[in-house]
Amino acid sequence: MNCPKCTTTKLKQTGYNSPYFCEACGGMWLLPGSRAEVADMTVTEADGEQAPEGQDSKTGLCPSGHGIMIRAKIELDEPFFLEKCTACGGIWFDKGEWQRIAETNLADNLSVLWSSSWQRKQSREKNRESFLAMNQNLLGESVFDAIMELAERLKDHPDQDRALALLRQELTHP
Ligand SMILES: [Zn+2]
Ligand SMILES: [Zn+2]
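Residues numbered from 1 in each chain as written. Chains lettered and ligands numbered in written order. Predicted model: local features only at pLDDT ≥ 70, side-chain atom pairs only at ≥ 80, totals over all residues. Heavy atoms only, no water.

(A) Local environment of the coordination of the zinc ion (ligand 2). Within the protein, the atoms that donate to the zinc ion (ligand 2) are Cys-62 (SG), His-66 (ND1), Cys-85 (SG) and Cys-88 (SG), at distances of 2.0 to 2.3 Å. Classification of the site at the zinc ion (ligand 2) rests on its 4 donor atoms, whose angles at the metal span 104 to 115°, yielding the label tetrahedral. Read in sequence order, the donor residues for the zinc ion (ligand 2) give the motif C-x3-H-x18-C-x2-C. Here Cys-88 lies in the loop between strand E5 (80-84) and strand E6 (91-93) and His-66 lies in the loop between strand E3 (28-30) and strand E4 (70-74), a separation of 22 residues in the sequence. (Donors = N, O, S within 2.8 Å, 3.2 Å for Na, K, Ca; no water. Tetrahedral: all angles 85-135°; square planar, octahedral: opposite > 155°, others 65-115°. Helix = DSSP H or I, 4+ residues; strand = E, 2+ residues; numbered from the N terminus.)

Okay, structure coming up:
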């Protein structure tokens, strides 16, 4: 079984039911039923936290010979891609990607990452985040915070319309 990224390096399993690792790039091949863990083997070529340059943008072939894998974009601070084989359910993590997933609550349900609803939700959240950030920037922190706090209070308020009318009235009051 060869590394999907280095292609000529053989993947090694460190123990029973543990994932396979590539000694050259530090990637991890996780099959369904095996438990992900941080590689405790020496990685020869790729040192540091990150996968070698450009590794993440390559889509690899399933090491078990099922053909091209499917990517899922993960929108953390620095977005990256995970790859999954639809035939055997194996998931490929470039070096450092498992650690980033493990720091979130995503690790418990990895397969959801490839669902279109999760991918859509993720991009909605990203859009909302940048929308809020832009407004915070333009309005300044104190106005922004006051509006957000007001919005939170009025969210389920029975007289929400009245509150908005009052606000508008006060703004135009001479
Ligand atoms: Zn490799
Ligand atoms: Zn496969």
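Back to the text.
(B) Representation of the layout of surface pockets within the structure. Size it by volume and the largest pocket reaches roughly 350 Å³. As for the largest pocket, its lining consists of Ile-74, Glu-75, Leu-76, Asp-77, Asn-105, Leu-106, Trp-118, Lys-121, Gln-122, Glu-125, Lys-126 and Glu-129. Here the element with the most residues in the lining of the largest pocket is helix H2 (residues 116-139); it accounts for 6 residues. A breakdown of the residues in the lining of the largest pocket according to their chemical character gives 4 nonpolar, 2 polar and 6 charged. Counting residues domain by domain, the lining of the largest pocket receives three or more from each of domain 1 (12-115) and domain 2 (122-172). (1 Å grid on protein atoms, 1.4 Å probe; cavity = no way out; pocket = protein on both sides within 12 Å on 5 of 7 lines; lining within 4 Å. Points joined across faces, edges and corners; volume = space filled by probe spheres on them. Nonpolar A, V, L, I, M, F, W, Y, C, P; charged D, E, K, R; others polar. Domains from an automatic or database assignment.)

(C) Focus on the packing of H2 against helix H3 (residues 141-154). Two numbers describe how H2 lies on H3: the axes approach to 6 Å, and their chain directions differ by 130°. Classed by the angle they form, the pair H2 and H3 counts as oblique. Contacts between H2 and H3 involve Arg-128, Leu-132, Asn-135, Gln-136 and Leu-139 from the first element and Glu-141, Val-143, Phe-144, Asp-145, Ile-147 and Met-148 from the second. Considered class by class, the residues forming the contact of H2 with H3 number 6 nonpolar, 2 polar and 3 charged. (Axes fitted to C-alpha atoms, helices over the stretch in contact; angles between N-to-C directions. Parallel < 35°, antiparallel > 145°, perpendicular 65-115°, else oblique. Contact = heavy atoms within 4.5 Å.)

(D) Summary view of the coordination of the zinc ion (ligand 1). Protein-derived coordination of the zinc ion (ligand 1) comes from Cys-3 (SG), Cys-6 (SG), Cys-22 (SG) and Cys-25 (SG), at a distance range of 2.2 to 2.3 Å. Note that the zinc ion (ligand 1) binds 4 donor atoms; their angles at the metal cover 105 to 114°, and the shape is tetrahedral. The sequence motif formed by the donor residues of the zinc ion (ligand 1) is C-x2-C-x15-C-x2-C. Classification of Cys-6 as partly exposed rests on a relative accessible area of 23%. (Buried < 20%, exposed > 50% of the residue type's maximum accessible area, 1.4 Å probe, protein only.)

(E) Spatial organisation of the side chain of Glu-97. Its location among the elements puts Glu-97 in helix H1 (residues 97-102). A distance of 2.8 Å separates a polar atom in the side chain of Glu-97 from the backbone nitrogen of Asp-94. When neighbours within four sequence positions are excluded, Glu-97 is seen to be in contact with Asp-56, Phe-80, Phe-81, Leu-82 and Trp-92. (Polar contact = N/O pair within 3.5 Å; in protein donor to acceptor, adjacent residues only side chain to side chain.)

(F) How the structure looks around the nonpolar core. With 17 residues, the main nonpolar core has Ile-74, Leu-82, Phe-93, Trp-98, Ile-101, Leu-110 and Leu-113 as its most contacted residues. In this view, Ile-101 contacts Ile-74, Phe-80, Leu-82, Phe-93, Leu-106, Ala-107, Leu-110 and Leu-113; residues no more than four positions away in its chain are not counted. Within the second largest apolar cluster, 11 residues are counted, among which are Leu-11, Ala-24, Trp-29 and Cys-62. (Core = buried A, V, L, I, M, F, W, Y, C linked by side-chain atoms within 4.5 Å.)

(G) A look at the packing of aromatic side chains. Applying the stated criterion across every chain, the model contains 1 aromatic pair. Both rings, one in Phe-93 and one in Trp-98, keep their centres 5.4 Å apart while their planes meet at 85°; by these two values the pair is edge-to-face. Take Phe-93 and Trp-98: they sit in the same class, and that class is buried. Over the ring of Phe-81 we find Arg-71; its NZ or CZ atom is 3.7 Å from the centre of that ring. (Phe/Tyr/Trp six-rings, centres within 6.5 Å; stacked < 30°, edge-to-face > 60°. Lys NZ or Arg CZ within 6 Å of the ring centre and 35° of its normal.)

(H) Representation of the pattern of salt bridges in the model. As enumerated under the stated definition, the model contains 8 salt bridges in all. Lys-5 serves as the salt-bridge partner of Asp-94, at 3.0 Å between the closest nitrogen and oxygen. Residue Asp-94 is located in the loop between E6 and H1, and its partner Lys-5 is located in the segment before strand E1 (12-13); the two are separated by 89 residues in the primary sequence. Residue classification places Asp-94 among the buried residues on the basis of a relative accessible area of 2%. Judged by its relative accessible area of 6%, Lys-5 is buried. For Lys-155, the salt bridge is made with Glu-152, and the minimal N-O distance between the two is 3.7 Å. One exposure class covers both Lys-155 and Glu-152, and it is exposed. (Salt bridge = Lys/Arg side-chain N within 4 Å of Asp/Glu carboxyl O.)

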